Amino acid sequence: MTQRLAEEWRTQSFIFFLCVLHSSASLCETKKFMPQLLQYYILIPLIGFLISLILPRKKEKLISLTVITTVLIHSIGTLFFIVFWIKNNCETIDFKHLVLYKSPSFEFFIDYYFDKITAVFVLVGSLLTLLVAIFSRFYLHRESGFKRFFNTLLLFFLGYNLVVVSGNFETLFVGWELLGISSFLLIAFYRDRYLPVKNGFKVLSFYRLGDICLMLAMWMSHHLWHKNITFSYWNDVNLVSQQFQEHFPAAIFIAIMVLIAAVIKSAQLPFSTWLPRAMEGPTTSSAIFYGSLSVHIGAFLLLRTYPFWQNQWLITGLIIAIGLSTSLVATTIARVQSSVKTQIAYSSIAQIGLIFIEIALGFHVLALVHFAGNAFLRTYQLLVSPSVLGYLTHDMFFNFKPNNTDRKGTFLDKISDTIYVLSIKEWNLDFLLNYCFWKPFKWIGGQLNFINKTAIWIVILLSGIVGLLFIDKSSGLVHVYFPLFFALVGLLMVLSVFSERGDAKRAWIIVSVSQVFTLFSILFNGEIDLRQIVFYLSGTTVAALVGYICLQKTKAIDNDIDLNNYHGYGYEQPWIAFVFLLSGLALAGFPISPTFIGIDLLFTNIHAHQIILVGLTALNFLFLELTLIRIYSRVFMGQHKKMDHPVAFKSS
């Protein structure tokens, strides 16, 4: 099977180069083939990723060469493509590739888009990934997670390319999700340690909040345009201006949701604290993710959506204010950090804040140059940071000279000391976000122990089924309150599991059943196509069943899978851990099952004026993925209880 995949991979690569060479024969033929070539930006990393999955874990050289060859072919193909694209006067390419679902009112399709923004991001991403892959071959030699790292690196590369060549929100969201899960896996790479797993989950929680903002932007965009549009649709300035004038609340809602998603992804204020926590992963992953590529995706999102919000002074002002405040605060924090990786992280955040300002002011060429320069610089700094740290430590021991501490205690000195202390504490941003956002939901979940009783949700479930069969859904009372009731019940069930400390099997059952109530809320909200229900349930049902079987097999080891501790069963049962992770992601709507499209279909059945209903549903899906990943982390990651391998306690 390995040989067959390798032959297919070589055949696809050969076709790619043949197309490029053939397209050079004439500019006319080049124009004809170039849209078709965009799919190879996705196929090449996808085929390389699938091959790397089945390679033996001990074959380090084969694994690394497969990854390096994949990225090298991608880089060479990118250079050829950009050369021919420039010869064609840099014409924008918009290519509708594949329709996954179509109905009279909804169409889910994959669309590719190529312009100067895509060209810069693809080229920089390909070159930096190649450099990091070559560096990692030696840096991670004999590391127990060598294969796991390179698998995840290619998964990230696939998601990154999907984002930067996407032509619509749906395609972008697929890549966006891949970036999120690969981030979690790389931050928690040292899964026998407490802090990497904890910080990986913390970063994922912020990423998931950005995911939900994008989902809400897609939902409102569908109601604003009454169809699934591509980004090229926004290039019509008159049409966009008219929509803003006629539907200002809906349009400004889309712009704000996009802005929040971009701010979170690029670690701007007040979400800046997740970036230094992400440095718990290997230095090479920190370089490619949080120094150069992934952290700039927020800037890419603003560049791609710029035609939509460019004439709205409110959005422009918010972007400038966020970028400026982030640059100032991140600079003060970077100057007082004791960790070199944390210093680099906050320095990168400060530069991205300036890039946000450049984008808002319309200096896009400058922003692209700034992005490329910052990406290459941070990658270099992070890769050499271990060596620099060693040199500085040596210099500190042999050439240390204390600073002059003579100070007069003036007002300016007091201001300086205040800023210093605040910067040491990172301006308490982490505490504020945790106290104001996550803690209230954890507290609510802790008060809902009664929901964990089986009889409660069985009664509510049966009442929902009876209601669907016998109650007239056209009634105004039913149409208004029943969707809200079942959406609230589903959310409360998820929150109860979010703070669960008991048995993982029971938690899994409750969170699986909660999605039935989410479906009930949509069914009571109006008529829904049977195919849409099948799309949603086909993924969730299989995922729930497979996940339960995995937990049952895990519990049979020593009858202990409570969520109060980390168990680390992934050491003994790596395949069960892998299958359970896939089940959790499928249940949460990750793009590996029909549920991914099903969730989008459910949102389209929520009307634009139903703000409370869409809010409850969005919160449900926000905490759903976090709850499922929390169960996975507690059961299969962390320090193993048997102590038959090297143990790392609460330190990184």
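Up top is the structure these notes are about.
This one's a predicted model, so the numbers in the text were calculated from it and none came from an experiment.

Student: Sorry, what's going on with the overall build of the protein chain here?
Tutor: Within the protein chain, the regular secondary structure consists of 25 helices and 2 strands. Taking the contacts inside the protein chain whose residues are at least 6 apart along the sequence as the reference set, 80% of them involve residues at least 24 apart. As displayed, the protein chain has an accessible area near 27600 Å², and 66% of this comes from carbon and sulfur atoms.

Student: For this particular structure, what's the right way to read a positive patch on the surface?
Tutor: Positive charge collects at one region of the surface, where Lys198, Lys439, Lys442 and Arg501 lie side by side. By the secondary structure assignment, Lys439 is in helix H18 (residues 429-446).

Student: Just checking my understanding: could you explain helix H9 (residues 237-246) for this structure?
Tutor: For the α-helix, the turn length of 3.6 residues means that residues three or four positions removed from each other point alike. For H9, the full list of buried residues reads Val240, Gln243 and Phe244. For H9, the angular spread of buried residues about the axis comes to 100°, placing them on one side. Residues of H9 that are exposed and point over 90 degrees away from its buried face: Asn238 and Gln245. Packed against the buried residues of H9 are helix H8 (194-225), helix H10 (248-265) and helix H13 (297-309).

Student: I keep staring at the pairing of strand E2 (residues 107-114) and nothing clicks. Help me out?
Tutor: Two faces belong to every sheet, and in a regular strand the side chains alternate between them. When you tally the buried positions in E2, you get 8 out of 8 residues, the bulk of the element. What you see with E2 is no split at all: Glu107, Phe109, Asp111 and Tyr113 on one side and Phe108, Ile110, Tyr112 and Phe114 on the other are buried throughout. Across 8 bridges, the pairing between strand E1 (residues 93-102) and E2 is antiparallel. Across the sheet, Phe95 pairs through a bridge with Tyr112, a residue of E2. Hairpin connection from E1 to E2: 4 residues lie between these consecutive antiparallel strands.

Student: Sorry if this is basic, but what is going on with the layout of surface pockets here?
Tutor: Any empty space left between atoms is shown by rolling a water-sized probe over those atoms. Roughly 630 Å³ of internal volume is contained in the second largest pocket. Around the second largest pocket, the lining comprises 20 residues; the ones closest to its centre are Lys198, Phe201, Asn434, Lys442 and Arg634. A class-by-class count of the residues in the lining of the second largest pocket yields 8 nonpolar, 4 polar and 8 charged.

Student: What's the story with the packing of aromatic side chains in this structure? I'm lost.
Tutor: Aromatic ring pairs are described here by two measures, namely the spacing of the ring centres and the angle between the planes. All chains considered together, the criterion is met by 35 aromatic pairs. On the basis of an interplanar angle of 15° and a centroid distance of 5.9 Å, the ring pair of Phe173 and Phe596 is categorised as stacked. Linking Phe173 in helix H7 (residues 169-187) with Phe596 in helix H24 (residues 595-604), this pair joins segments that are 423 residues apart in sequence. Judged by its relative accessible area of 9%, Phe596 falls in the buried class. Joined through ring pairs, the aromatic side chains of Phe169, Phe231, Trp234, Phe244, Phe248 and Phe308 make up one cluster. Directly above the aromatic system of Tyr566 lies the positively charged group of Arg634, at a separation of 4.8 Å from the ring centroid.

Student: For this particular structure, what's the right way to read a nonpolar patch on the surface?
Tutor: Side chains of Trp575, Phe578, Val579, Leu582 and Ile592 sit close together on the surface and give an oily, nonpolar patch of about 490 Å² of accessible area. Along the polypeptide, Trp575 turns up in helix H23 (residues 574-587).

Student: It is not clear to me how the environment of Ser266 should be interpreted in this structure. Could you clarify?
Tutor: Counting through the fold element by element, Ser266 comes out in the loop between H10 and helix H11 (274-277). Of the residues examined, Ser266 reaches a relative accessible area of 0% and is grouped as buried. Considering only alpha carbons, one finds Ser266 and Ser348, 82 residues apart in sequence, at a separation of 9.6 Å. The residues touching Ser266, leaving out its near neighbours within four places in the chain, are Val295, His296, Ile297, Gly298, Ala299, Ile352 and Phe356. A polar atom in the side chain of Ser266 sits 3.1 Å from the backbone nitrogen of Gly298.

Student: I would appreciate a short explanation of H7 in the present structure.
Tutor: Taking 1.5 Å per residue as the helical rise, H7 with its 19 residues ought to reach 27 Å, and the 26 Å between its terminal C-alpha atoms agrees with that figure. Counting buried residues in H7 gives 18 out of 19 residues, a clear majority hidden from the surface.

Student: What exactly am I supposed to notice about the packing of helix H5 (residues 116-139) against helix H6 (residues 146-164) here?
Tutor: Each pair of packed helices can be described by the angle between their axes along with the distance between the axes. Interaxial distance between H5 and H6 falls to 10 Å at its minimum, and their mutual angle equals 175°. Relative to H6, H5 is oriented roughly antiparallel. Note on element contacts: H6 touches H5 through Phe146, Phe149, Phe150, Leu153, Phe157, Tyr160, Asn161 and Val164, opposite Thr118, Phe121, Val122, Gly125, Ser126, Thr129, Ala133, Ser136 and Arg137. Its residues assigned to classes, the contact of H5 with H6 comprises 10 nonpolar, 6 polar and 1 charged.

Student: Teacher, can you tell me more about the environment of Asn161 here?
Tutor: By the secondary structure assignment, Asn161 is in helix H6. Along the chain, Asn161 and Gly175 lie 14 residues apart, while their C-alpha atoms are 7.3 Å from each other. If near-sequence neighbours (up to four positions away) are discounted, Asn161 is found in contact with Tyr41, Ile42, Pro45, His74 and Val122. Separated by 2.7 Å, the side chain of Asn161 and the backbone oxygen of Phe157 make a polar contact.

Student: Quick question: what am I supposed to make of the pattern of salt bridges here?
Tutor: Pairing between side chains becomes possible if they bear opposite charge and their charged atoms approach one another. All chains considered together, the criterion is met by 5 salt bridges. The partner of Arg208 in a salt bridge is Asp211, with the nearest N and O atoms 3.6 Å apart. Highlighted residues: Arg208 and Asp211, both in helix H8, separated by 3 residues, approximately one helical turn. Residues Arg208 and Asp211 agree in their burial class; the two are buried. Of the charged contacts, one joins Glu625 and Arg208 as a salt bridge, the two residues approaching to 2.9 Å between their closest N and O atoms. In this pair, Glu625 sits in helix H25 (residues 611-636) while Arg208 sits in helix H8, placing the two residues 417 residues apart along the sequence. A relative accessible area of 6% means that Glu625 is categorised as buried. Several salt bridges share partner residues, and in doing so they unite Glu177, Arg208, Asp211 and Glu625 into one network.

Student: Sorry, what's going on with the nonpolar core here?
Tutor: Considering soluble globular proteins, one finds that nonpolar side chains tend to be buried as a cluster. Counting residues in each nonpolar core, the largest one holds 216 residues, and the members touching the most others are Trp274 and Phe308. Per-element tally for this core: the top contributor is H8, with 18 residues. Residues within four places of Phe308 in sequence aside, it is in contact with Leu224, Trp225, Trp234, Val240, Phe244, Ala251, Ile254 and Ala255.

Student: Would you take a moment to explain the packing of H7 against H13 for this structure?
Tutor: The interhelical angle for the contact between H7 and H13, taken along N-to-C directions, is 175°, at an axis separation of 13 Å. As judged from the angle between their axes, H7 and H13 are roughly antiparallel. Between H7 and H13, the residues in contact are Phe169, Leu172, Trp176 and Leu179 and Ile297, Phe300, Leu301 and Thr305, respectively.

The rules behind the values
Residues numbered from 1 in each chain as written. Predicted model: local features only at pLDDT ≥ 70, side-chain atom pairs only at ≥ 80, totals over all residues. Heavy atoms only, no water. Helix = DSSP H or I, 4+ residues; strand = E, 2+ residues; numbered from the N terminus. Contact = heavy atoms within 4.5 Å. Areas by Shrake-Rupley, 256 points an atom, 1.4 Å probe, with all protein chains shown as cover. Patch = residues over 30% accessible without salt bridge, like charges linked within 9 Å, V, L, I, M, F, W, Y side chains within 5 Å. Salt bridge = Lys/Arg side-chain N within 4 Å of Asp/Glu carboxyl O. Lys, Arg positive; Asp, Glu negative; His and termini not counted. Charge placed at Lys NZ, Arg CZ, Asp CG, Glu CD. Buried < 20%, exposed > 50% of the residue type's maximum accessible area, 1.4 Å probe, protein only. Arc of directions from axis to C-beta. Pairing = 2+ DSSP bridges. 1 Å grid on protein atoms, 1.4 Å probe; cavity = no way out; pocket = protein on both sides within 12 Å on 5 of 7 lines; lining within 4 Å. Points joined across faces, edges and corners; volume = space filled by probe spheres on them. Nonpolar A, V, L, I, M, F, W, Y, C, P; charged D, E, K, R; others polar. Phe/Tyr/Trp six-rings, centres within 6.5 Å; stacked < 30°, edge-to-face > 60°. Lys NZ or Arg CZ within 6 Å of the ring centre and 35° of its normal. Polar contact = N/O pair within 3.5 Å; in protein donor to acceptor, adjacent residues only side chain to side chain. Expected span 1.5 Å × (residues − 1). Axes fitted to C-alpha atoms, helices over the stretch in contact; angles between N-to-C directions. Parallel < 35°, antiparallel > 145°, perpendicular 65-115°, else oblique. Core = buried A, V, L, I, M, F, W, Y, C linked by side-chain atoms within 4.5 Å.

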